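Residue strings, one per chain:
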Amino acid sequence: MKDAGSSPQAWAIEISRLTKSFGNHLALGGIDLKVGRGQTLAIFGPNGAGKTTLIKVLSTIMNPSSGEVLVDGLDLKNSAQEIRPRIGVVTHQTFLYSNLTAYENLQFYSRMFDVPNFKERIHQVVAMVGMTPRLYDRVGTLSRGMQQRLSIARALLHKPAIMLLDEPETGLDQQAVSMLWRSLKEEELEQRTVIFTSHGLERGLDVCDYVVILDQGKIVFEQPSKALDLAGLRHAYQDSTEAAE
Amino acid sequence: MRFWRKAFVIVWKDIISEIRTKETISSVLVFAILVIVIFNFAFGANQETMISVAPGILWVTFAFAGVLSLNRSFIVEKEEYCLEGLMACPVSREVIYVGKMLGSLLFMLFIEAIVLPIFALLFNLAVLSPQLITVTFLTTLGFVAVGTLFSALAVNTKARELVLPILFLPIVAPIIICAVNASGLALAGEPWSSLSSWLQIIVAFDIIFLVASFLVFTFVIEE
């Protein structure tokens, strides 16, 4: 992203020459990317493009094979533990225990993240995602969409400055999708940086500041969203993914 | 303190989860009691035979019951896709190891606390001696220390239920052999001094494998 300012502190995430391989398969083949503070980056790409791998590496769940990643100025390899409280992760897997209630799940993650006044905070985030009536129900009894809402609440608990979302709209109805984007920007953290992957070009283009298309582990297209309309994005998506094949 | 607080949060979560479902506890208990009952019938009522085979029966029961419970330890995390959630928490991988290890230790000690009196009743042996309780505790600690590591290793393989016992049982064989010998002496009412050489080996095993597993866990869990 080019318009985040020139000082080093302006970047929430700086990735250079990032690779990740699984045996002989190269999932990420030399990614270079910078995301400015408070900006929203949309990553599009076909299945197997490396979107989930990139999110997993950025969220410190997976180690990169090579390259350098700085999150909030901290090196991912040496400071993973310091980086984690600054990040909230939502994926199509909810990271929730089905045998525990919604409250117990959030209590567990609050304690792991040292959330101050966690009882109050749990009620706050649960209200934000519209799950207050089901707070004391076991997660296993909730619908897929409700679990995904709760997963968003889990990720917001510790007020992360950076949100990493891997296909966060999975299982959500239209109302919940609107709620998701509202809740990400609603809190006092106006400088929250959001990186999300999606297959929904229209919705993605609506909410992002910058667009990246990933294919076969490489960035094949990048542009500010202002410079794009939906037809242009569709065209770029088709062209760049076909060219990569 | 922060390290231990986080580890106990993981233990708390595992205990609540198990209390809710009783999935592992019921199957492990049924298995352990069945083994003891079958052996009891197989060896009849001859008290001399009973005393000589009892330690072996006891540790075969505990070892296989332990494998069953350790298998579940990380499979539950994996099946619910929560392992990645744990790994995204701002704690070192060692906290995850200690939390899961303490959870498994409490679980196994609970199973043993139920199985031992049943064993005493069926085999007509005095099992509640401080010597036997010490041997049981120390052996279980070493068993669980290694088992937690191998459980994390096996969870990323396809035939995880088969992989764990194949990898794990040869490693814990020495401590099980020591436990069988020490338990035999304890059941025979021998004093602490005669058990001390076995206990020393068990303690050495505990220390070596606790430290080694603690150090290696990070590499095992991260791919």
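Everything below is about the structure shown above.
Residues numbered from 1 in each chain as written. Chains lettered and ligands numbered in written order. Predicted model: local features only at pLDDT ≥ 70, side-chain atom pairs only at ≥ 80, totals over all residues.

Enquirer: Looking at this structure, I do not really get the overall build of chain A. What am I missing?
Expert: Across its full length, chain A holds eight helices and 10 strands. For chain A, the C-alpha radius of gyration of 18 Å lies close to 18 Å, the compact-globule estimate for 245 residues. Considered along the principal axes of its C-alpha atoms, chain A spans approximately 50 × 40 × 40 Å. Within chain A, buried positions represent 46% of all 245 residues. Within chain A, counting contacts between residues at least 6 apart in sequence, those at least 24 apart form 69% of the total. (Helix = DSSP H or I, 4+ residues; strand = E, 2+ residues; numbered from the N terminus. Rg over C-alpha atoms; globule rule 2.2 N^0.38 Å. Buried ≥ 20, exposed ≤ 12 C-beta atoms within 10 Å, placed from the backbone. Contact = placed C-beta atoms within 7 Å.)

Enquirer: How should the overall build of chain B be read in this particular structure?
Expert: The secondary structure content of chain B amounts to eight helices and zero strands. What you see in chain B, going N to C, is helices and strands ordered as α-α-α-α-α-α-α-α. In terms of overall size, chain B behaves like a compact globule, its C-alpha atoms giving a radius of gyration of 18 Å where 223 residues would be expected to give roughly 17 Å. Dimensions along the principal axes, computed over C-alpha positions, put chain B at roughly 55 × 35 × 30 Å. Every one of the 223 residues in chain B was classed for burial, and the buried ones make up 47%.

Enquirer: Please clarify how the pairing of strand S8 (residues 193-198) of chain A should be interpreted in this entry.
Expert: Working note: regular strand, side chains alternate between the two faces of the sheet. Residues and elements named next belong to chain A. In terms of residue burial, S8 counts as a mostly covered element, since six of its six residues are buried. The two faces of S8 match: Thr-193, Ile-195 and Thr-197 on one face and Val-194, Phe-196 and Ser-198 on the other face are all buried. As paired strands, strand S3 (residues 40-44) and S8 are joined by five bridges and run parallel to one another. When the bridges of S8 are listed, Ala-42 appears paired with Phe-196. (Pairing = 2+ DSSP bridges.)

Enquirer: What's the story with the interface of chain A and chain B in this structure? I'm lost.
Expert: A common way to express how large an interface is: the accessible area buried when the components associate. Residue-level contacts link 19 residues of chain A with 20 residues of chain B. Residue contributions to the side of chain A that touches chain B peak at four residues, all from helix H3 (residues 102-112) of chain A. Classifying every residue of the side of chain A that touches chain B by side-chain character gives nine nonpolar, seven polar and three charged. (Nonpolar A, V, L, I, M, F, W, Y, C, P; charged D, E, K, R; others polar.)

Enquirer: Help me out: how do you make sense of the pairing of strand S4 (residues 66-71) of chain A in this one?
Expert: Residues and elements named next belong to chain A. When strand S1 (residues 11-22) meets S4, the two strands line up antiparallel, connected through five bridges. Along S4, the bridge assignment pairs Thr-19 with Ser-66. As defined by bridge partners, S4 adjoins strand S5 (residues 74-75) across two bridges and the pair is classed as antiparallel. Bridge pairing in S5 links Leu-70 to Asp-75. Here S4 hands over to S5 after two residues, with Asp-72 in that stretch at a positive phi of 55°.

Enquirer: I would appreciate a short explanation of the environment of Leu-142 of chain A in the present structure.
Expert: Looking at where Leu-142 of chain A falls in the secondary structure, it is placed in the loop between helix H4 (118-128) and helix H5 (144-156). With 40 residues separating them along the chain, Leu-142 of chain A and Ala-102 of chain A place their C-alpha atoms 9.2 Å apart.

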